[in-house]
Amino acid sequence: MRAADCTVFFLPGLGLNADAATPVERELDDRFRVITIELPGQGGAPDAPDGSTEAQVDAALAAIAEHADGGAWMLCAHSMGGKVAARLAARVRDGDVPVFGLAGLMLLAPSPPTPEPMPDEKRQQMLSWVDDGSPIAESDARTFVDDNVGASLDPAVQADVLEAVQTMSPVAWRRWLEQGSTEDLSASVGVLDLPCTVLAGDQDDALGAAAQPALVADVYPRAHVVPLVGAGHLLSYERPVEVAHAITALWDQIVAHRAPVAPEWGRLIASPRVTPRVRATLARRALSDDPAYRPRVLNSAQLELLRAIADRLVPQPSGGRIDLAARVDADLAAGGGDGWRPAGAPSDAEAYRAGLDDLRGAWPSTPDEQDAVIRAVAEGEGVPGASQEPEALQSWFEDLRVDVVREWLSHPASLVRVGYDGFATGAEDAAFAGYLSLKAGERDEWEPAELGTVAGAPEEDV
Amino acid sequence: MNLDGMKTYDLDDSVDVVVVGTGAGGAPLLARLAERGLRVVALEAGPNHEPAEYTPDEIDATTINWMSSRFSGGDAPTAFGPNNSGFGVGGGTVHWGAFTPRPDARDLRLRSETGRGADWPVDHAELTRYVAEVEEYIGVSGPAHYPWDPERTYLYGPPSRNAAADIMMTGASALGIRATDAPAAILTRDRDQPHHGLRHATTNVGSIHQGERHGAKATTAITYLPAAVAAGAEIRPDAVVHTIERDARGRVTGVVYRQDGEDRRQRCATLVLAGGGVETPRLLLHNGIANSSGQVGRNFLAHGAVQVWGRFDEQIRGYRGYPSALITEDFVRPAGADFAGGYLLQSLGVMPFTYATTLVRGGGLWGDELMRELEASRYTGGIGMNAECLPAEGNRLELSSEEDEWGLPRATISFSPGENEKAIDAHAIGTMTDILTAAGARSTRVLARTAHTLGTCRMSDDPGEGVVDGEGRSHDIDNLWVCDNSTFPSALTANPGLAQMALSLRTADRMLAGR
């Protein structure tokens, strides 16, 4: 059996447990490893120290850190788990947790980071089921399931769900209804700009297909909302095939637009040798590019040409694909520069627009001809019909060449490629910062094995 | 740095001295003046950095650099930004390489010796006394025996040699070139720094140009500036000076600076400009003062800093360890050379994006050749030089017509190497290539580069030849001083940081003596 390409950490909804992932897991191929996280008070897990979403996130993060293999992972989060996932993804984005590799979000009728739109009478009814502090009765569990499905479940499946609801901690149930679901986490969640698919049933009320587009728009700019006709709220039970297909499709899209980071290096990035600031930076750069990226400084013709030029200037190793041109455009839009411009040059954005327009007329179709054009511009010979002097074109093009290689090299997969682990040297405790071994061919114990032999250790056959 | 509880002055107070800039030029002087009881305020254009937030990431780390664009022209346009320009409390010392050779006596007498360039109106023995004071105060480490100055001693043993240093030592030894561990403002043992606290011995991080959080590398933010604050100086970060105000007689009365989106005026009896070789002349030209000589912005000097890289069989990974751990001064005056001045050589460690940028700009690489070279970078070790530079007519700083984010005209700097610079380059490339080849390099590659921003407000005895006198005082305005490496009459073969801190203490003492 080969190692999985992607770990799917499954976060169940309120009242559910690890069994909720089982129908989906059955439908996934061996590229995926599914790990279900029992949230506090569910599936036999102990209650959290308090009723906050943050406490649920802490528990989920501990489980992810324990089971992570250093490779890519995604969250598949249902309902209440969606709110946990949002805050969890924000903490991964901010780098302050010892994990790395979050590649995408698969959200099933997710609760939003804002207070959940739940009718008060429904909240009161659900609270009444745990009024006396004892577990939920079977009849109430049946009501819960009936209220949350679009059509009846298979009897065996239904028995699983009823069992899960009845064994749920009444404390955790009450806490979610009274506290977790009412918290407004939008400030700390912010924007989660990563690949994201949202599934929602059209028979679901508050968190259904009609409601989700507005709920997710501000939080997940890349969200793709897919309505499931006839489905209610318990999507992993009701529609495991569609959920598995959506996970597979999301992963395929990620793979087509990313450069993978080797697991040994992913574990290093997750380790305490890396500061939160650096981890956040590397996590952001490691995200797959948005195939629907809309340029902000260039027009789409200029972006396409820049992609073609970037392919010649920085031919990327096989097995990965970084949209260098889109990243250059995003940096131009952010207004960043390198501290200087060629004398007399316009702003970087204007120089890019003018330069690419000049090259467009002269850009040939075959790689050899393209290289000839690049050589002519780089060596100051210019191109026919250009609006600017060859020297101006040459200066701008030198900046472009640096920009493109910067976008490539700053990606953690590229740092792996060139054998650079200096990002892992800034730990707060000086005892875990920097290097001990500096000699040629040698490495420290914490460094990836390919970087040399550990000083003093016998050389191993590889 | 910690600015809590710092003494503060009202804008209405006319303080004794305002210092613009907190790097190697401004900080030692600020501390000296404050310790002697003067009421001093430093205005720093950039923010007050939190050392825990320093990042080895070369892209993100540019928060410590002056990233507002300068225009760069000439045959060898100077790359600004991370290469040479600081921003924030500590100025350029936050990103400097901490490579601390001492100025050579011959370099201060370049014109007397060769008839070219300019002499320094500074006594070498006096400067060296200040250098030694700085070395002790900031903590400079170095070898027990310095071949080119046997009298010299260092406080601590040198930083460990990395693989790049080992290579250079192997090659130099084989050729009979003397080389040794480089003097560096890097602690090799823990030290308690007055008014700052514990500074850790180096962890051998290679990312010191991106800021170093444990205090092994001396910056003014953990040495002179805490001392200045303890003695009653005020440091105002995020304060961009744009106007120098004067009275009817032309003497400075104060400055206007932009902070928090507002213009604020600080009155002062004396003004010291310490913004470096670009910002100081830019401010003077913008205000149209202190330029009766016409020399403001002229004589821009950049150290020749060409590099040669060799490919080896083993992984060198020069991003580990102190980046310039080995030095030779054998070429400060090479025998039989056909040029004025000379150069130092240092072993080179390098960070990946800095190296890639040099491959693109200095080596002209792209496409498959670039990618092959990047993938082989871990097997690559280098040597770099720091070389004398002569002033030339066309090498200068002027104001452009474009305004920056603070409404100041952007600077345009032109630099083209002259025949002397080219001759030094050729000589050094030969030497470096020989050393690498002798060390077993399979192939070598030359990458063009220059470093530092010097000379644009040079000091001179003759008021017609420079902007300030040999003490740093403006020839035109008696309560205006310049204290940064814009005052360098020649580039020196030594890197400028240490010399600048020494000059800063010297200028402070001259100011105090004149009161």
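What counts as what
Residues numbered from 1 in each chain as written. Chains lettered and ligands numbered in written order. Predicted model: local features only at pLDDT ≥ 70, side-chain atom pairs only at ≥ 80, totals over all residues. Helix = DSSP H or I, 4+ residues; strand = E, 2+ residues; numbered from the N terminus. Rg over C-alpha atoms; globule rule 2.2 N^0.38 Å. Buried ≥ 20, exposed ≤ 12 C-beta atoms within 10 Å, placed from the backbone. Contact = placed C-beta atoms within 7 Å. Pairing = 2+ DSSP bridges. Core = buried A, V, L, I, M, F, W, Y, C linked by C-beta atoms within 7 Å. Axes fitted to C-alpha atoms, helices over the stretch in contact; angles between N-to-C directions. pLDDT = per-residue confidence, 0-100. Expected span 1.5 Å × (residues − 1). Arc of directions from axis to C-beta. Right-handed = clockwise from strand over helix to strand, strands pointing away.

S.K.: How should the overall build of chain B be read in this particular structure?
M.R.: In terms of helices and strands, chain B carries 10 helices and 20 strands. Against the compact-globule benchmark of 24 Å for 515 residues, chain B has a radius of gyration of 22 Å, which places it among compact chains. Taking the principal axes of the C-alpha coordinates as reference, chain B spans close to 65 × 50 × 45 Å. For chain B, the residues scored as buried account for 62% of the 515 residues in total. Put simply, of all contacts in chain B between residues at least 6 apart along the chain, 75% involve residues at least 24 apart.

S.K.: Before we go on, may I ask you to explain the environment of A231 of chain B in this structure?
M.R.: Residues and elements named next belong to chain B. Structurally, the position occupied by A231 is in the loop between α5 (224-230) and β7 (234-236). On the neighbour-count criterion, A231 (19 C-beta atoms within 10 Å) is partly exposed. Sequence separation between A231 and D107 is 124 residues, and the spatial gap between their C-alpha atoms is 35 Å. Contact partners of A231, with chain neighbours within four places excluded, come to A31, A34 and E35.

S.K.: When you look at the pairing of strand β19 (residues 450-454) of chain B in this model, what are you seeing that I'm missing?
M.R.: Along any regular strand the residues' side chains alternate between the sheet's two faces. All names here are of chain B. Buried residues dominate β19, accounting for 5 of its 5 residues. One ladder, built from 3 bridges, connects strand β11 (residues 301-304) with β19; its direction is antiparallel. Pairing of L301 across the sheet is with L454, part of β19.

S.K.: Teacher, can you tell me more about the nonpolar core here?
M.R.: The nonpolar side chains of a soluble globular protein tend to be buried with one another. In terms of nonpolar packing, the biggest core is built from 290 residues, with L75 of chain A together with L30 and V40 of chain B touching the most fellow members. Beyond its immediate stretch of four places on either side in the chain, L75 of chain A contacts F9, L11, A85, L88, A89, L105 and M106 of chain A.

S.K.: In this structure, what is going on with the interface of chain B and chain A? I would like to understand it.
M.R.: Interface size, as often reported, equals the accessible area lost upon joining of the parts. At the junction of the two partners, chain B supplies 62 residues and chain A supplies 46 residues. Sorting the residues of the side of chain B that touches chain A by element identifies β3 (70-73), α4 (163-175), α7 (352-361), α8 (367-375) and β17 (409-414) of chain B as the ones contributing at least two each. Pairing of strand β7 (residues 340-342) of chain A with β3 of chain B, which is carried by 3 bridges, proceeds in the parallel orientation. Counterpart to R341 of chain A in the pairing with β3 of chain B is F71 of chain B.

S.K.: Please clarify how the sheet that holds β17 of chain B should be interpreted in this entry.
M.R.: Each strand in a sheet pairs with its neighbour through backbone hydrogen bonds, running either in the same direction (parallel) or in the opposite one (antiparallel). The mixed open sheet is built from 4 strands, whose spatial order is β7(A)-β3(B)-β17(B)-β16(B). Edge strands, defined here as strands with exactly one partner in the open sheet, are β7 of chain A together with β16 (396-403) of chain B. Across the sheet, the axes of successive neighbouring strands diverge by a mean angle of 35°, strand direction being ignored. Where β16 of chain B and β17 of chain B come together, 5 bridges link them in antiparallel fashion. From the neighbouring strand, L397 of chain B faces β17 of chain B, where its bridge partner is I413 of chain B. In the packing of helix α6 (residues 276-287) of chain B onto the sheet, contacts are made with β3, β16 and β17 of chain B, and the angle to β16 of chain B comes to roughly 65°.

S.K.: Just to check I follow, could you spell out the environment of I322 of chain A for this structure?
M.R.: Residues and elements named next belong to chain A. Locating I322 in the fold gives a position in the loop between α14 (300-313) and α15 (324-334). Look at I322 and you get buried, because 23 C-beta atoms sit within 10 Å. For the pair I322 and P448, spaced 126 residues apart in the sequence, the C-alpha separation amounts to 23 Å.

S.K.: Would you mind showing me how to read the confidence of the model for chain B here?
M.R.: Where the model shows low pLDDT, its predicted coordinates should not be examined in detail. In the predicted model, chain B carries a mean pLDDT of 97, and 100% of its residues have values of at least 70. Across the assembled chains, the prediction reports ipTM 0.94 with pTM 0.95.

S.K.: Just to check I follow, could you spell out helix α16 (residues 348-360) of chain A for this structure?
M.R.: Working note: α-helix, 3.6 residues per turn, so residues spaced by three or four point in the same direction. Residue and element names in this part refer to chain A. Between its first and last C-alpha, α16 extends 18 Å over 13 residues, near the 18 Å set by a 1.5 Å rise per residue. When α16 is considered as a whole, its buried residues turn out to be D348, A351, Y352, G355, L356, D358 and L359. Down the axis, α16 shows its buried residues gathered within 155° of arc, on one side only.

S.K.: In this structure, what is going on with the pairing of strand β2 (residues 32-36) of chain A? I would like to understand it.
M.R.: Taking every second residue as pointing to the same face, the buried face of β2 of chain A carries F32, V34 and T36 of chain A, while none of R33 and I35 of chain A on the other face is buried. Each parallel crossover has a hand, and for strand β1 (residues 6-11) of chain A linked through helix α1 (residues 22-27) of chain A to β2 of chain A it is right-handed.

S.K.: Quick question: what am I supposed to make of unusual backbone geometry here?
M.R.: Most of the time, phi is negative for any residue but glycine, and the peptide bond is trans. The backbone phi angle of S79 of chain A is positive, close to 50°, even though this residue is not glycine. Considering the arrangement of structural elements, one finds S79 of chain A in the loop between β3 (72-78) and α3 (80-94). The class for S79 of chain A is buried, based on 29 C-beta atoms found within 10 Å. A positive phi angle is found at D238 of chain B, which is not glycine, with a value near 55°. Topologically, D238 of chain B is positioned in the loop between β7 and β8 (240-246). On the neighbour-count criterion, D238 of chain B (16 C-beta atoms within 10 Å) is partly exposed.

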